[in-house]
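Summary of structural features
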Amino acid sequence: MPLTAPQPSSVDVLIVGAGISGIGAAYYLQREHPQRSYAVLEARAASGGTWDLFRYPGIRSDSDLHTFGYEFKPWRDEHSIADGDRILAYVREAAAEHGIDRKIRFNTKVLSASWSSSDARWSVEVESAETGERTTLSCNWIFCAGGYYRYDEGFTPRFEGREEFRGQVVHPQHWPQDLDSTGKRVLVIGSGATAVTLVPALAGTAAHVTMLQRTPSYVMPVPAKDRLANQLRSLLGEERGYAVARRKNILQQQAVWRFCQKYPKAARRLIRRYNRKLLPAGYPVDEHFNPPYDPWDQRLCAVPNGDLFRAIREGRASVATDRIARFTATGVLLESGRTLEADLIVTATGLNVQAMGGIELTVDGEPVRLADTVAYKGMMLSGVPNFAYAIGYTNSSWTLKVGLLCEHFCRLLTRMDARGVDIARPVLADPAMPTRPFLDFGAGYIQRVIDLLPRQGDRAPWRTSLNYSGDVKLLRHLPVDDPDLHFDRSTRTPEAVHG
């Protein structure tokens, strides 16, 4: 519930977002720097981020919770691939256990932030979702933990003839609580993680569910329960068992990633073999489950206990690989001339990416254009002082990267205290360094906004790493000081202190 006690207008650190990343950032900050004041700003009326927002049937993680969960809080459920309600309860429990829930300011949307080097402070304009009132907060650091997509709207492409369809059209990001698909013909447009989750969940009660995709995705069955992790917990106890299972799964994830990168043809054959084994005899595997790109060029879709394949096998679901020509009154007409009849159409067509929570940044009176910045250590932006962000892995569990970034952020604060400085600013020493997209990922939702996002370089510390072991070395063990990270004091002296 929102707090009613007066809130300070000035704190040391403002954390933007009360989802799994923001709660994690608050934990590390108060553990390592208990003397620093902080607040968590949440635009919505509840904590949990993605896990509170998405309410569509079957919502679940596609990463195991021993790595997607926090390093500091064991995952105690026997299900390693967990549904949204369990994850939400876990995140909120973590916040309550450490008093972080009392630091959250709900219905508080960050609109803009203006940095003053002379004061070493951000002036942050926020808006109340309840009253529309705008106020200004002050802080020394902003830690942006709002993820990378818009919470207020999902992405739906324009479909010719949509207004002619007599049934209901819904986007998973805005699932109506009273929607009942029982006995209906359901058409799910999309082939990503959301689609492969929705299809088996809806197939339990719907008359039939069809997944319509333009391009196949890689889909891999995974056990819903990690038997070894559960045994380790029984043998070693909650804390040690969780730590060992976490390490095991980190190594497993990295091994799969490296194998797919090094031997893409072999990985493709292996995935196809698994798919063929779980699909009906004679099923056109290559038509519906053989993407034109290599494994992990886009994220693999995990299906617990092969539930998608089981729904297809049992005749409750089917897959169509084609393009939509137009909507009709009773479904869709495909470019092949085939028609798909439907009573309910679900547009699982992706997200609208929004970098840094959509916050308009200004540094000493100059607007920051994100596309002109380069990511530093995957957590700061060139030329932008005292601003950190948390973007997790796309090839592994999101939270593995976020945890390391939070640790490094705290190490950076410690180093600044030791040096007696209050400003840290990444500065690109080589402006001619080749750059590439910040999120170098083939997913459509990234490609649509690629020119609006920050860039990354071709070398450390300007390369956004996807390698966990490399990030452990860089973010946890190597010195914070770096020639490209410049330190300064807010006192009006002409001399800067460089790292």
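Worth saying up front: this structure is predicted, and the values here are computed from it rather than measured.

So, about the overall build of the protein. Helix and strand content of the protein: 13 helices and 28 strands. In terms of overall dimensions, the protein is globule-like: its C-alpha atoms have a radius of gyration of 24 Å, near the 23 Å expected for 499 residues. For the protein, the C-alpha atoms occupy an extent of roughly 75 × 50 × 50 Å along the three principal directions. The buried share of the protein, taken over its 499 residues, is 53%. Long-range pairs, those at least 24 residues apart, make up 70% of the contacts in the protein with a sequence separation of at least 6. A distance of 7 Å separates the average location of the 61 positive side-chain charges in the protein from that of its 56 negative side-chain charges.

A separate point is the confidence of the model for the protein. In low-pLDDT regions, the fine details of the predicted coordinates are not to be read closely. When pLDDT is averaged across the protein, the result is 93; 96% of the residues are at 70 or more. Across residues 492–499, where pLDDT falls below 50, the model places 21 contacts with residues more than four positions away in sequence or in other chains.

This paragraph deals with the pattern of salt bridges. This structure, assessed with the given rule, holds 33 salt bridges. The salt bridge partner of Arg 92 is Asp 52, with a shortest N-O separation of 3.0 Å. Taken together, the positions of Arg 92 in helix 4 (residues 84–97) and Asp 52 in helix 2 (residues 50–53) put the pair 40 residues apart, joining distant regions of the chain. The partner of Glu 125 in a salt bridge is Arg 134, with the nearest N and O atoms 3.6 Å apart.

Checked against the element boundaries, Thr 347 lands in strand 17 (residues 344–347). Overall, Thr 347 belongs to the buried group, its relative accessible area being 1%. Setting aside its immediate chain neighbours within four residues, Thr 347 contacts Thr 156, Phe 159, Val 169, Val 170, His 171, Pro 172 and Ile 189.

Throughout the structure, instances matching the rule amount to zero disulfides. Looking at Cys 139, it has no disulfide partner, and the nearest cysteine sulfur is the one in Cys 144, 12 Å off. Since its relative accessible area comes to 0%, Cys 139 is described here as buried. Just so you know, Cys 260 is unpaired, no disulfide at all, and the nearest cysteine sulfur is the one on Cys 301, 13 Å from it. Since its relative accessible area comes to 5%, Cys 260 is described here as buried.

Attention shifts here to the side chain of His 171. Relative to the helices and strands, His 171 is located in the loop between strand 8 (168–170) and strand 9 (185–189). Among the polar contacts made by the side chain of His 171, one reaches the main-chain carbonyl oxygen of Gly 350 at a distance of 3.1 Å. With near-sequence residues (within four places) excluded, His 171 lies in contact with Gly 154, Phe 155, Thr 156, Thr 347, Thr 349 and Gly 350.

Below, the discussion takes up the packing of helix 11 (residues 398–419) against helix 13 (residues 468–477). Closest axis-to-axis distance for the helix 11/helix 13 pair is 8 Å, and the angle between their directions is 15°. Between helix 11 and helix 13, the crossing angle belongs to the class labelled roughly parallel. Taken as a pair, helix 11 and helix 13 cross one another with a handedness that is left-handed. Facing helix 11, whose interface residues are Leu 400, Lys 401, Leu 404, Leu 405, Glu 407, His 408 and Arg 411, helix 13 presents Tyr 468, Asp 471, Val 472, Leu 474, Leu 475, Arg 476 and His 477.

Turning our attention to the packing of aromatic side chains. For the structure shown, the criterion picks out 24 aromatic pairs. Here Tyr 70 and Phe 72 contribute two aromatic rings whose centre-to-centre distance is 4.7 Å and whose plane-to-plane angle is 15°, an arrangement assigned as stacked. By the burial criterion, Tyr 70 is buried, and Phe 72 matches it. Note on Tyr 70 and Tyr 90: the rings are 5.8 Å apart at their centroids and 20° apart in plane angle, and the pair reads as stacked. Taken as a pair, Tyr 70 in the loop between helix 3 (65–68) and helix 4 and Tyr 90 in helix 4 lie far apart in primary sequence, 20 residues in all. There is no split in this pair, since Tyr 70 and Tyr 90 are both buried. Pairwise contacts between aromatic rings join Tyr 27, Tyr 28, Tyr 70, Phe 72, Trp 75 and Tyr 90 into one cluster. Here Lys 103 stacks its cationic end above the ring of Tyr 38, 5.3 Å away from the centre of that ring.

Here we take up the sheet that holds strand 15 (residues 331–334). A sheet is described by the order of its strands in space; here three strands give the open sequence 14-15-16, paired in antiparallel fashion. Strand pairing shows two members of the sheet lacking a second neighbour, strand 14 (324–328) and strand 16 (339–341), which therefore form its edges. Within this sheet the neighbouring strands show an average axis-to-axis angle of 20°, counted without direction. Here strand 15 runs beside strand 16; their pairing, made up of three bridges, is antiparallel. When the sheet's bridge partners are listed, Val 332 is paired in strand 16 with Leu 340.

Take the nonpolar core next. One finds Ile 15, Trp 122, Trp 141, Phe 143, Phe 289 and Phe 387 to be the most contacted residues of the largest nonpolar core, which totals 135 residues. The element contributing the most residues to this core is helix 11, with eleven residues. In this structure, Phe 165, Leu 187, Leu 340 and Ala 342 belong to the second largest nonpolar core, which totals 13 residues.

Right, let's talk about helix 5 (residues 193–203) for a bit. Here helix 5 lies mainly inside the structure; eight of its eleven residues are buried. The complete set of buried residues in helix 5 reads Ala 195, Val 196, Thr 197, Leu 198, Val 199, Pro 200, Leu 202 and Ala 203.

Together, Phe 259, Tyr 263, Leu 270 and Tyr 274 give the surface a local cluster of nonpolar side chains, amounting to about 360 Å² of exposed area. Positionally, Tyr 263 belongs in the loop between helix 7 (238–262) and helix 8 (264–278). Of the residues examined, Tyr 263 reaches a relative accessible area of 41% and is grouped as partly exposed.

Attention now moves to the environment of Ala 89. Tracing the sequence through the fold places Ala 89 in helix 4. Separated by 38 residues in sequence, Ala 89 and Trp 51 place their C-alpha atoms 9.1 Å apart.

Right, let's talk about the sheet that holds strand 13 (residues 317–321) for a bit. Spatial strand order, 8-17-9-10-13: five strands in an open sheet with parallel pairing. Unpaired on one side and paired on the other, strand 8 and strand 13 mark the two borders of the sheet. Averaged over neighbouring strand pairs, the angle between their axes works out to 20° when direction is ignored. Sheet analysis places strand 9 next to strand 10 (residues 208–213), joined by five bridges and oriented parallel. Of the residues in strand 10, the one forming a bridge with Val 188 is Met 211. Here helix 5 sits on the sheet and contacts strand 9, strand 10, strand 13 and strand 17; the angle it forms with strand 10, its principal contact strand, is near 165°.

Conventions used here
- Residues numbered from 1 in each chain as written.
- Predicted model: local features only at pLDDT ≥ 70, side-chain atom pairs only at ≥ 80, totals over all residues.
- Heavy atoms only, no water.
- Helix = DSSP H or I, 4+ residues; strand = E, 2+ residues; numbered from the N terminus.
- Rg over C-alpha atoms; globule rule 2.2 N^0.38 Å.
- Buried < 20%, exposed > 50% of the residue type's maximum accessible area, 1.4 Å probe, protein only.
- Contact = heavy atoms within 4.5 Å.
- Lys, Arg positive; Asp, Glu negative; His and termini not counted.
- Charge placed at Lys NZ, Arg CZ, Asp CG, Glu CD.
- pLDDT = per-residue confidence, 0-100.
- Salt bridge = Lys/Arg side-chain N within 4 Å of Asp/Glu carboxyl O.
- Disulfide = S-S within 2.5 Å.
- Polar contact = N/O pair within 3.5 Å; in protein donor to acceptor, adjacent residues only side chain to side chain.
- Axes fitted to C-alpha atoms, helices over the stretch in contact; angles between N-to-C directions.
- Parallel < 35°, antiparallel > 145°, perpendicular 65-115°, else oblique.
- Left-handed = near helix turned anticlockwise from the far one by under 90°.
- Phe/Tyr/Trp six-rings, centres within 6.5 Å; stacked < 30°, edge-to-face > 60°.
- Lys NZ or Arg CZ within 6 Å of the ring centre and 35° of its normal.
- Pairing = 2+ DSSP bridges.
- Core = buried A, V, L, I, M, F, W, Y, C linked by side-chain atoms within 4.5 Å.
- Patch = residues over 30% accessible without salt bridge, like charges linked within 9 Å, V, L, I, M, F, W, Y side chains within 5 Å.
- Areas by Shrake-Rupley, 256 points an atom, 1.4 Å probe, with all protein chains shown as cover.

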